[in-house]
Amino acid sequence: MIKIGLLKEGKIPPDNRVALIPSQCKWLVKNNSDIQIKVQSSENRCFSDEEYRRAGIEVIDDLSDCSILLGIKEVPVSQLLKHKTYLFFSHTRKKQVYNQRLLQTIIENKCTLIDYECMEHEDGQRIIGFGFFAGIVGAHNGMMAYGQRTGSFKLERVYKQKDFKELIHCYFGLKVPNIKIAVTGSGRVAHGILEVMNLMGIIEVEKEEYLSRDFAYPVYVQLKGSDLYAHKENGSYSREDFHEHPENYVCLFQNYVSQTDILMNGVYWDVNVPRLFSLQAVSASDFRIQVIADITDDSNGSVPINLGDQTIENPVYGVDRHSFIKTPPFQPGSVDVIAVGNLPNELPRDASKYFGEQLIKFVLDDLFTGQSDILERATIVKQGHLTPRFEYLRDYAEGKTGVTGINNNL
């Protein structure tokens, strides 16, 4: 019998998402006689304890008899159980400073850590995540901030809506002025952004048109990797080469800063990837951008004026264009930034349902029956030992090297 436990989220601020919703748990147990699922009681989870009980799933406080534990965000160090297999977003693959002790404790406790963020197809395409709903919420919040800043329209807050279907009603009759929006990226986050753009009736245009003319209606352009980056020597773009050697590329987004009112940022970033623009560009007279929704949310990352996270309740801050100091939002001489690390929490039931579907489709069968290539590539620690693919984390795990402050919106 394989015993699976759904963890109560312990990270602060609390996360209300879950890896499997009640109906998915019920389906798994019904269709797999050798699987038992238990749910750790939680007051914050978007699906109540009672909803799980109605689905026939046991709700308890102690998951120590479960061998596989599924969470979402990082498990607090004090709550890690020895010799367990954990699946969650650990935020350790980039040597993030705030999770160094987490990885060390996982190794000390002889645990196995399988990271959702590392589950990829052979071509590097992510398999599972919350990016689509991060894109939806981030795009909505970016438009909301622009409406507040300019007084041109008003949008309701996402987290006050029951679900995505209810959110769509906010867009009926919405009149967006003739603005230009740049959407960066091509993954799940970008797909979520595009969903909102299309629901709001904002028209997609080609980049040549976007750069050369104004429009009598709101428009957006989607800028993918080949639109954003070029090799320093020959001006070409290869996705594989870019991800292996991003330091050999320059960013082309500077061409768009004088033509863009809102930036919806959904690009992947790490410390070697060139930023979308420089700090100096923000002070220039032709920097037109008034609002930046940094949805992938890397502090001081692809958006150099991302000064750190805000909360769901208070998502917007300003950045002075000359001193680069954080200000209250919607001030003259500032750029408004939306940077929230848990955007999908604003639509937690939809996001959890989608996540669970991907988990069932691509991961759980392999997890139950034995190792697969996907799971092997996503296993950072196995029974207390770093796996060969993540041996580069050795110094980080032993406290011998510098670490980063990167934070991804997942």
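Just so it is clear, the structure is predicted and the values come from calculations on it, not from any experiment.

1. Remarks on the layout of surface pockets
Okay, step 1: Here the largest pocket defines a volume of roughly 1500 Å³.
Okay, step 2: Around the largest pocket, the lining is made up of 50 residues, and of these Glu120, Gly124, Arg239, His243 and Tyr268 lie nearest the centre.
Okay, step 3: Going through the elements one at a time, helix H6 (188–199), helix H8 (225–228) and helix H9 (239–244) are the ones with two or more residues in the lining of the largest pocket.
Okay, step 4: Broken down by element, the residue count for the lining of the largest pocket peaks at 5 residues, all from H9.
Okay, step 5: Counting only domains with at least three residues in the lining of the largest pocket, you end up with domain 1 (2–111 + 348–397) and domain 2 (131–346).
Okay, step 6: Quantified by volume, the second largest pocket comes out at close to 410 Å³.
Okay, step 7: Every residue lining the second largest pocket is counted, 17 residues in all, and those nearest its centre are Ile12, Pro13, Pro14, Gly341 and Asn342.
Okay, step 8: The residues that make up the lining of the second largest pocket include at least three from each of domain 1 (2–111 + 348–397) and domain 2 (131–346).

2. Some remarks on the sheet that holds strand S12 (residues 262–265)
Okay, step 1: Reading across from one edge, S8-S9-S7-S12-S13-S16-S14-S15 is the order of the 8 strands in this open sheet, with mixed pairing throughout. For this open sheet the edge positions go to strand S8 (203–204) and strand S15 (326–327), each flanked by a neighbour on one side alone.
Okay, step 2: As defined by bridge partners, strand S14 (residues 316–320) adjoins S15 across 2 bridges and the pair is classed as antiparallel. Counterpart to Val319 in the pairing with S15 is Lys326.
Okay, step 3: Docked against the sheet, helix H4 (residues 131–150) engages strand S7 (180–184), S12, strand S13 (291–294), S14 and strand S16 (334–338), running at close to 160° with respect to S12.

3. So, the UniProt feature "binding site: NAD(+)" (unreviewed entry) in the protein chain
Okay, step 1: Feature annotation in UniProt places "binding site: NAD(+)" (unreviewed entry) on Asp241 and Tyr268, given in this structure's numbering. Restricting the annotated residues just mentioned to those that line the largest pocket leaves Tyr268.
Okay, step 2: Counting through the fold element by element, Asp241 comes out in helix H9.
Okay, step 3: Classification of Asp241 as partly exposed rests on a relative accessible area of 25%.
Okay, step 4: Not counting residues up to four positions away in its chain, the partners in contact with Asp241 are His231, Pro246 and Tyr249.
Okay, step 5: Exposure remark for Tyr268: the relative accessible area of 40% places this residue in the partly exposed category.
Okay, step 6: When near neighbours in sequence (up to four residues on either side) are disregarded, Tyr268 contacts Lys94, His243 and Val273.
Okay, step 7: Side-chain polar atoms of Tyr268 contact the side chain of Asp270, separated by 3.3 Å.

4. Side note on the sheet that holds strand S2 (residues 35–40)
Okay, step 1: Taken together, the 8 strands give an open sheet; going across it, the order is S3-S2-S1-S4-S5-S6-S17-S18, and neighbouring strands pair in mixed fashion. Across the chains shown, the open sheet's two edge strands, defined by having one partner strand only, are strand S3 (58–60) and strand S18 (385–386).
Okay, step 2: Strand direction decides the pairing type here: strand S5 (residues 85–88) and strand S6 (residues 112–115), joined by 4 bridges, are parallel. In the sheet register, Leu87 faces S6, and the bridge partner there is Ile114.

5. Brief notes about the domain arrangement of the protein chain
Okay, step 1: Domain boundaries in the protein chain define domain 1 (2–111 + 348–397) and domain 2 (131–346).
Okay, step 2: On a C-alpha basis, the centres of domain 1 and domain 2 stand 31 Å from each other.
Okay, step 3: With 11 residues of domain 1 in contact, the opposing surface of domain 2 contributes 11 residues.
Okay, step 4: It is Lys94, Asp350 and Tyr354 in domain 1 that bury the most area against domain 2; as a group they hold 47% of the surface buried on that side.
Okay, step 5: Viewed at the interface, domain 2 and domain 1 are joined by 0 salt bridges.

6. A short note on empty space enclosed by the protein
Okay, step 1: This model, assessed by the stated rule, comprises 1 cavity of 30 Å³ or more.
Okay, step 2: Each pocket or cavity is described by its volume, and for the largest cavity that value is around 30 Å³.
Okay, step 3: What lines the largest cavity is simply Leu7, Lys8, Glu9, Asp15, Asn16, Arg17, Ser42 and Arg45.

7. Let's talk about the pairing of S2
Within a regular strand, side chains alternate between the sheet's two faces.
Okay, step 1: For S2, the buried fraction is high: 5 of the 6 residues fall into the buried class.
Okay, step 2: Two strands pair when backbone bridges link them, and strand S1 (residues 2–6) and S2 are joined in this way by 5 bridges, in the parallel orientation. From the neighbouring strand, Leu6 faces S2, where its bridge partner is Val39.
Okay, step 3: Taken together, S1, helix H1 (residues 22–31) and S2 form a β-α-β motif whose crossover is right-handed.
Okay, step 4: Here S2 pairs with S3 via 3 bridges, running parallel.

8. Examining the pattern of salt bridges
Okay, step 1: Scanning the model with the defined rule gives 19 salt bridges in all.
Okay, step 2: For Glu120, the salt bridge is made with Arg93, and the minimal N-O distance between the two is 3.7 Å. Here Glu120 is found in the loop between S6 and H4, whereas its partner Arg93 is found in the loop between S5 and helix H3 (100–108), with 27 residues between them in sequence.
Okay, step 3: Relative accessible area serves as the criterion here: at 13%, Glu120 is assigned to the buried category.
Okay, step 4: Among the charged side chains, a network of salt bridges with common partners joins Lys3, Lys38 and Asp65.

9. Let's talk about the nonpolar core
Okay, step 1: Tyr116, Met119, Met143 and Met197 are the most contacted members of the largest nonpolar core, which has 104 residues in total.
Okay, step 2: Examining the composition of this core, we find that 10 residues originate from one element, H4, more than from any other.
Okay, step 3: Two domains share this core, each providing at least three of its residues, namely domain 1 (2–111 + 348–397) and domain 2 (131–346).
Okay, step 4: Dropping the residues within four chain positions of it, Met143 is found in contact with Phe153, Leu155, Val176, Ile179, Ile181, Met197, Met200, Ile202, Ile262 and Met264.

Conventions we followed
- Residues numbered from 1 in each chain as written.
- Predicted model: local features only at pLDDT ≥ 70, side-chain atom pairs only at ≥ 80, totals over all residues.
- Heavy atoms only, no water.
- 1 Å grid on protein atoms, 1.4 Å probe; cavity = no way out; pocket = protein on both sides within 12 Å on 5 of 7 lines; lining within 4 Å.
- Points joined across faces, edges and corners; volume = space filled by probe spheres on them.
- Helix = DSSP H or I, 4+ residues; strand = E, 2+ residues; numbered from the N terminus.
- Domains from an automatic or database assignment.
- Pairing = 2+ DSSP bridges.
- Contact = heavy atoms within 4.5 Å.
- Axes fitted to C-alpha atoms, helices over the stretch in contact; angles between N-to-C directions.
- UniProt positions renumbered as here; feature names shortened; annotations may be inferred.
- Buried < 20%, exposed > 50% of the residue type's maximum accessible area, 1.4 Å probe, protein only.
- Polar contact = N/O pair within 3.5 Å; in protein donor to acceptor, adjacent residues only side chain to side chain.
- Buried area = accessible area lost by both parts, 1.4 Å probe.
- Salt bridge = Lys/Arg side-chain N within 4 Å of Asp/Glu carboxyl O.
- Right-handed = clockwise from strand over helix to strand, strands pointing away.
- Core = buried A, V, L, I, M, F, W, Y, C linked by side-chain atoms within 4.5 Å.

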